[in-house]
Amino acid sequence: MTAPARRLSLPVEGMTCASCTGRVERVLRAVPGVSGVAVNLATGRATLDLAPDNDPGAVAEAVAEAGYAIPERTHAFVVEGMTCASCTGRVERVLRAVPGVREASANLATGRVSVRHPDGLVTAAALEEAVAQAGYALRPLPETRPQAPAGAAEADALRRDLIWAGILSLPVVVLDMGAHLVGHALLAPGWGAALQAGLATLVLGGPGRRFFRRGVPGLLRGHPDMNALVALGTGAAYGYSLVAVLAPQLLPAGTAHVYFEASVLIVTLILLGRFLEARAKGRTGAAIARLVGLSPKTARLLRDGTEAEVPVAELRPGDRVRVRPGERLPADGRVVAGASAVDESMITGEPVPVRKGAGAPVTGGTVNGTGSLDVAVERVGADTVLAQIVRMVEAAQGAKLPIQAMVDRVTGWFVPVVLGLALLTFLAWLLLAPGPSLGLALVNAIAVLIIACPCAMGLATPTSIMVGTGRAAERGVLFRNGAALQALEGVRAIAFDKTGTLTEGRPALTDLTAAPGQDAPTALAHAAALEARSEHPLARAVVEAAQARGLALPPVEAFEAVPGFGLTGRAGGRAVAVGAARHMVRLGLDVAPFAEEAARLGQAGRSPLYVALDGRLAAILAVADPVKPTAAAAIAALRARGLAVALVTGDDRRTAEAIGRTLGLDAVQAEVLPEGKLAAVRAMRAAHGPVAFVGDGINDAPALAEADVGIALGTGTDVAVESADVVLMGGDPAGVAEALALSRATMRNIRQNLFWAFAYNAALIPVAAGALHALGGPLLSPVFAAGAMALSSVFVVGNALRLRRA
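Residues numbered from 1 in each chain as written. Predicted model: local features only at pLDDT ≥ 70, side-chain atom pairs only at ≥ 80, totals over all residues. Heavy atoms only, no water.

The chain is annotated in an unreviewed UniProt entry as Copper-transporting P-type ATPase from Methylobacterium isbiliense. Taken directly from UniProt, the Sequence similarities (unreviewed entry) text for the chain runs: "Belongs to the cation transport ATPase (P-type) (TC 3.A.3) family. Type IB subfamily." (UniProt positions renumbered as here; feature names shortened; annotations may be inferred.)

The structure is reproduced here in structure tokens:
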């Protein structure tokens, strides 16, 4: 059996525009064993699938050959079993032999080893396996706190370069303006031009070096990017000016003009745009930063009856911590003493605090109310709900939406086309304009190069995704993958499960009627014995009813759950079956004696269940599950948006129809098996178009996976959550309408950004080429072209940031 491919997520440094992402994608796809490549400019990451037998080092080499870099990271591990210096040498050698590892250094005194490798290319499992084969054990140091997104360092570097570029450019602009005002008198002695040349050299060789360092290699490889366009434009203006100062006799008469101010202002304005863009992009990841900031740094550990303040990183499952009023819970766990109301809005988006007492689960990062709580720690570090939320948000933010494919196709050839247009502009002005035309040809070609940088195109989609999914997370809506963000916008019908989705999922036993000759308490006790092993919400009601009556539950053996039907097994030596009417029919039992009772229960909105003992129908019981208070408003909101809303449930038809009437649903399908739910989704898709399914149980998993968008309640089962594309952390059906609204707002924002990015280039490239001048209008200075290019990226990111208020 072939091992599955590994999914890798890699940071890529040096990408500055959409053509960069296209270049990185092409070189990665060319690496043997690589598939499923997606590169995101806003997050600066590439995701890919790598075949198990392929060297991950080839991925890093391909990226490096393309002119970019995968940053290296150093991870520390604990090594068990090292006893001498030869041990450390052995551990280092085996780790260095792992494909992708650059360096390994073991320390006998600390019992640790640090491993340096390209970020994302080497897995901890590969390192652990290598060390295990050498006879040692490797385990990672616990990462107790999720990491906030980086970006401050980039903004700081851009700020420094911008300041220096501004300081050095100002005298150049003053000298140039003075030269124009006094008829180039400043240039006559040569000192003014020489000073401009010196300052321009410092600007291009200092703050502007970043464009040449990244752009020239790409140009030489035949894969130019935005940096290449800037390098060509500024380099041409600088080089021409240098010739005009040092060897004017080489230029045609009347064309020895200098454009140092254009070269330095282009660098300065583009650095300004980059800086503003970096600042704005940092705010697009603010949602993750806020989530990370919710985890406290210290906790009050209870040990031997005393409190000790310790770093959260030192907490372990089983520890007990005390949380005082107003403090954040340091980890996931369960209350063992005390009572309080806990603000869980960071998870659910709901501001109403939730009462917590002994035995209640609590989540790290939530805020304790006015009471004191003692909590037994159950999950820490990467296993906490908060860390899982951060990972889901990061995964969604790094995704590439289907709409991005069109942008990728365009940007794949955009920069080469711009280079061709710049060359055509130069030749047209040189050959057709009245002489001397060399200067005009150069200026207009530079304007085309500068104004057409495709930064805005590359940022249009990912920035909106980052802000939109981050805002959704703040509202308790987690998009587990980015594609769901686009797919949800196109949904035309929504199907809901009933129990635990539209209803509270906390049902109570309301009726119990025994068949003639049968004992009701005995039937209930045996039914509860089986239901105690079931995950279904209705099962808890039966068990709780038996316990409330003081009934002893007989031991169970041969237990079997039949999805969509019910349960079978042996309890106390008797054959027991519990389930819906179809379960009894499947077992060959006649439910007709209870037909009138079942009809009455169903019309009252109660769910009838049957109990069989030793092959005979023993009792009918009914469970009522109250409808969630927000369900009716949620359904009304969805219908107001033009969606068809249906109920698809395995529950009794009469019960389901009663709830359907209460909530105003368009259609109700009841007594549906798990595979029937899947068929129901397909039927709704054929009738209405794309379908979303909302559920929370194991039996909903097939429908969640089949639907165009699966929406699971975070209060449901792990299987349902893993099968879904969207998770509503609060378990509130009103979150469906909110998820839909956020999806539509984000996609609308993306289209606005794409329109701006493409319309900007379509409109201004001809202007930069001199089209208006040919009609009697003005020329576009390269300096204004640089300003317009910088503002286009800032506009796109700024527009995306509006989603923070959605």
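Next comes the rest of the account.
Turning next to the UniProt feature "transmembrane region" (unreviewed entry) in the chain. UniProt tags residues 162-182, 188-207, 228-251, 257-276, 410-432, 438-461, 754-773 and 779-801 as "transmembrane region" (unreviewed entry). Secondary structure within residues 257-276 divides into 85% helix and 0% strand; the distance between the first and last C-alpha atoms comes to 33 Å. Span residues 754-773 is 95% helix and 0% strand, its end C-alpha atoms 28 Å apart. (Helix = DSSP H or I, 4+ residues; strand = E, 2+ residues; numbered from the N terminus.)

Attention now goes to the confidence of the model for the chain. Predicted confidence across the chain gives a mean pLDDT of 81, with 86% of residues reaching 70 or more. Here helix H10 (residues 286-293) stands out as the element of the chain with the lowest mean pLDDT, 65, in contrast to strand S22 (residues 574-579), whose mean of 93 is the highest. Across residues 143-150, where pLDDT falls below 50, the model places 21 contacts with residues more than four positions away in sequence or in other chains. A low-confidence stretch, residues 181-189 (pLDDT under 50), is modelled with twelve contacts involving residues beyond four sequence positions or located in other chains. (pLDDT = per-residue confidence, 0-100. Contact = heavy atoms within 4.5 Å.)

As a further point, take a nonpolar patch on the surface. A contiguous nonpolar patch, built from Leu423, Leu427, Leu430, Leu431 and Leu432 and spanning about 520 Å² of accessible area, is present on the exposed surface. Among the structural elements, leucine 432 can be located in helix H13 (residues 404-432). The class for leucine 432 is exposed, based on a relative accessible area of 73%. (Patch = residues over 30% accessible without salt bridge, like charges linked within 9 Å, V, L, I, M, F, W, Y side chains within 5 Å. Areas by Shrake-Rupley, 256 points an atom, 1.4 Å probe, with all protein chains shown as cover. Salt bridge = Lys/Arg side-chain N within 4 Å of Asp/Glu carboxyl O. Buried < 20%, exposed > 50% of the residue type's maximum accessible area, 1.4 Å probe, protein only.)

Here we take up a positive patch on the surface. Side chains of Arg748, Arg802, Arg804 and Arg805 sit close together on the surface and give a patch of like positive charge. Mapped onto the elements of the fold, arginine 805 is located in the segment after helix H28 (782-801). (Lys, Arg positive; Asp, Glu negative; His and termini not counted. Charge placed at Lys NZ, Arg CZ, Asp CG, Glu CD.)

This next bit is on the pairing of strand S24 (residues 616-624). Of all the nine residues making up S24, seven are buried; the element is thus mostly covered by neighbouring parts of the structure. Sheet topology places strand S23 (residues 607-613) next to S24; seven bridges connect them, and they run antiparallel. Bridge assignment links alanine 612 to a residue of S24, and that residue is leucine 617. What sits between S23 and S24 in their antiparallel hairpin is a turn of two residues, with aspartate 614 showing a positive phi close to 55°. (Pairing = 2+ DSSP bridges.)

The next subject is unusual backbone geometry. At alanine 558, a residue that is not glycine, the phi angle is positive and equals roughly 55°. Examined against the element boundaries, alanine 558 turns out to sit in strand S20 (residues 556-562). Given the relative accessible area of 59%, alanine 558 is considered exposed. The phi torsion at glutamate 671 lies on the positive side, around 55°, for a residue other than glycine. For glutamate 671, the position within the fold is in the loop between strand S26 (667-669) and helix H23 (674-688).

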